[in-house]
Amino acid sequence: MPLYNILIMGASVAGPALAHALATKTYEKHDVPLQIALLECSLLKPDRIIAKFLQPGGVTALKKLGLESCLRELGSISLSGYHVLRGGQSICSSFPEGHVVQTFDHGAFIMALCDHARQASNIDVIETTVTSLIKNKDTHRVIGVLASKVGGQPESYFADLVILADSSSSKFRTAVLRNMQYEPLQGGYFAGLIVKDLKLLMSKYAIMAVLKGAGPVIIFELPNNTHQVLIKLKQPPSDIKEHIIHDIIPQLPSLARAPILNALETSHQGRSSKSGTFLLGDSLNVCHPLTAGGMTIALNDVVILSDLLAHIENFGDWDEISAMRKSLAHTINVMSMCWAGMFAAEGEAFDIMQEGAFKYFGKGAKYAEEPISLAAGITHSPLLLARNSLAIVTYSIWVLFTHPRPGNKSAPQFYKYPLLFIKALNVIWTIGMVMGPVMWAEM
């Protein structure tokens, strides 16, 4: 009957990173190294179309954990910012100096993290499937897990503290968070392609193309002269290949069309709290993949939790365990669920906000600096997020009244103001309905 100080369930990004951090950290109140178990149902190299894009805030967290070599070993690609396209307009926004995105092969990154965990003598990496949580019959505290290896009998693993890092599809989330404010929802689908020999107008920048009636589409460079193309789908079309050919590709930059068509022909398309436990990364926090914030939150969770646990004397005393993760998770969650949703949604109110946001960012670098720092996980300020959201909505309404609408050469005349006032109220109502529930749940 194995007994550990800490048991971590899940060996994707957060699990092995936390195991490494806990195994290598100096503890004020522990004279001997912690005994840690890292459980994962499959230790084979994963193959995913997302999670290949680590925001600057995640890169910083990786360095704090002493795991930056994982990126160097993979030959990761550094990107300096975003090149956003909408119709005939374009905006290029760079990250603050000294900050970059790192892109890589997701499966190789996970293998590198697991290899670092295996190198510690006080970490047991075990390939087994957790089937249930074990609770103390009197206190109902989680004291371990029941798990089965392939073809084997169920085994019990006990620990002072159980940490669940079993991804966004966690089957234990509801069991642990009995009073969840909201359930994660499936907001759509992604189609992914790996494209070779693709040339972009702005090298070392990720492209985000806001399309009419489809998308958005994200394109970014990967190692080995390849690019990842991610296409947002509200519903899987009956023929995804035809949808991409007829509805997506004609709206993309001309340099990208032929390589993507060729990739369509030659590759496949992928689609994508109770005491005693702690939910980590995507098992607690599910982000919209469009902003690529999930790994950043997970790695910052690891930094916070490993620092916190360094001061805990008894992992069996739940009163000593608390969390300090809220500000970063709040800002990235609201941006991923609301701002990304705004650029993916259709309707007159969303068109007005898209136009206003595009012109707001286009006013100059200083107007895009704070939003891009928030999205990148560099700045962790819900107040700054609220201020920028209000500024963008206000400017969108100003643009509605003072700038020519598509198809017109002049600004609206005064006699149109009553109708525009109704549209402005609809914009305010829409952004309130989109952002309100998410911000309330994140408080």
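Placed above this text is the structure.
Residues numbered from 1 in each chain as written. Predicted model: local features only at pLDDT ≥ 70, side-chain atom pairs only at ≥ 80, totals over all residues. Heavy atoms only, no water.

A. Spatial organisation of the overall build of the protein. For the protein, the helix and strand inventory stands at 13 helices and 17 strands. When the 443 residues of the protein are sorted by exposure, 53% land in the buried category. (Helix = DSSP H or I, 4+ residues; strand = E, 2+ residues; numbered from the N terminus. Buried < 20%, exposed > 50% of the residue type's maximum accessible area, 1.4 Å probe, protein only.)

B. Focus on the packing of aromatic side chains. What the rule picks out here adds up to nine aromatic pairs. Here phenylalanine 53 and phenylalanine 220 contribute two aromatic rings whose centre-to-centre distance is 4.9 Å and whose plane-to-plane angle is 70 degrees, an arrangement assigned as edge-to-face. Of the two residues, phenylalanine 53 sits in strand E3 (residues 53–54) while phenylalanine 220 sits in strand E14 (residues 217–222), which places them 167 residues apart along the sequence. In this pair, the class of phenylalanine 53 matches that of phenylalanine 220, namely buried. Taken together, a centroid distance of 5.7 Å and an interplanar angle of 70 degrees make the contact between tyrosine 82 and phenylalanine 95 edge-to-face. Here tyrosine 82, found in strand E5 (residues 81–86), pairs with phenylalanine 95, found in the loop between strand E6 (89–94) and strand E7 (101–103); they are 13 residues apart in sequence, far enough to count as distant. An aromatic cluster of three or more residues is present, and its members are Phe53, Tyr82, Phe95 and Phe220. (Phe/Tyr/Trp six-rings, centres within 6.5 Å; stacked < 30°, edge-to-face > 60°.)

C. Structural detail: the environment of histidine 403. With respect to the element layout, histidine 403 can be found in the loop between helix H12 (382–402) and helix H13 (417–442). The exposure class of histidine 403 is partly exposed, given its relative accessible area of 22%. Separated by 47 residues in the primary sequence, histidine 403 and glycine 356 place their C-alpha atoms 9.8 Å from one another. Ignoring sequence-local partners within four residues, the contact set of histidine 403 consists of Lys359, Tyr395, Trp398, Ala411 and Pro412. At 3.3 Å, the side chain of histidine 403 and the side chain of lysine 359 are in polar contact. (Contact = heavy atoms within 4.5 Å. Polar contact = N/O pair within 3.5 Å; in protein donor to acceptor, adjacent residues only side chain to side chain.)

D. Region of the structure containing helix H6 (residues 240–248). Of the residues making up H6, those classed as buried are Ile240, His243, Ile244 and Ile248. Mapping the buried residues of H6 onto a view down its axis gives an arc of 95 degrees, with all of them on the same face. Where H6 starts, the residue carrying a side-chain oxygen 3.2 Å from the main-chain nitrogen of lysine 241 turns out to be aspartate 239. (Arc of directions from axis to C-beta.)

E. Quick peek at the nonpolar core. Counting residues in hydrophobic clusters, the biggest one holds 44 residues, and the most contacted among them are Ile8 and Phe109. Secondary-structure elements contributing two or more residues to this core are strand E1 (3–9), helix H1 (14–24), strand E2 (36–40), helix H2 (56–64), helix H3 (69–74), helix H4 (106–118), strand E11 (154–164) and helix H8 (294–309). In contact with isoleucine 8, not counting residues within four places along its chain, are Gly15, Leu18, Ala19, Leu22, Ile36, Ala37, Leu38, Leu39, Ile163 and Ala165. If you look at the next biggest cluster of nonpolar residues, it comprises 29 residues, including Ile50, Val101, Ala206 and Ile372. (Core = buried A, V, L, I, M, F, W, Y, C linked by side-chain atoms within 4.5 Å.)

F. Spatial organisation of the sheet that holds E7. In space, the three strands of this open sheet follow the order E3-E7-E4, with antiparallel pairing throughout. Pairing within the sheet leaves two strands with one partner each, and these edge strands are E3 and strand E4 (77–79). Across three bridges, the pairing between E4 and E7 is antiparallel. Bridge pairing in E7 places serine 78 opposite glutamine 102. (Pairing = 2+ DSSP bridges.)

G. Structural context of the side chain of serine 76. Among the structural elements, serine 76 can be located in the loop between H3 and E4. There is a polar contact of 3.3 Å between the side chain of serine 76 and the backbone oxygen of leucine 71. Of the polar contacts made by the side chain of serine 76, one reaches the side chain of glutamine 102; its length is 2.8 Å.

H. Structural detail: the environment of alanine 191. Assignment of secondary structure puts alanine 191 in strand E12 (residues 189–196). Residue alanine 191 is classed as buried on the basis of its relative accessible area, which comes to 2%. Taking the C-alpha atoms as reference points, alanine 191 and lysine 232, separated by 41 residues in sequence, lie 6.7 Å from one another.

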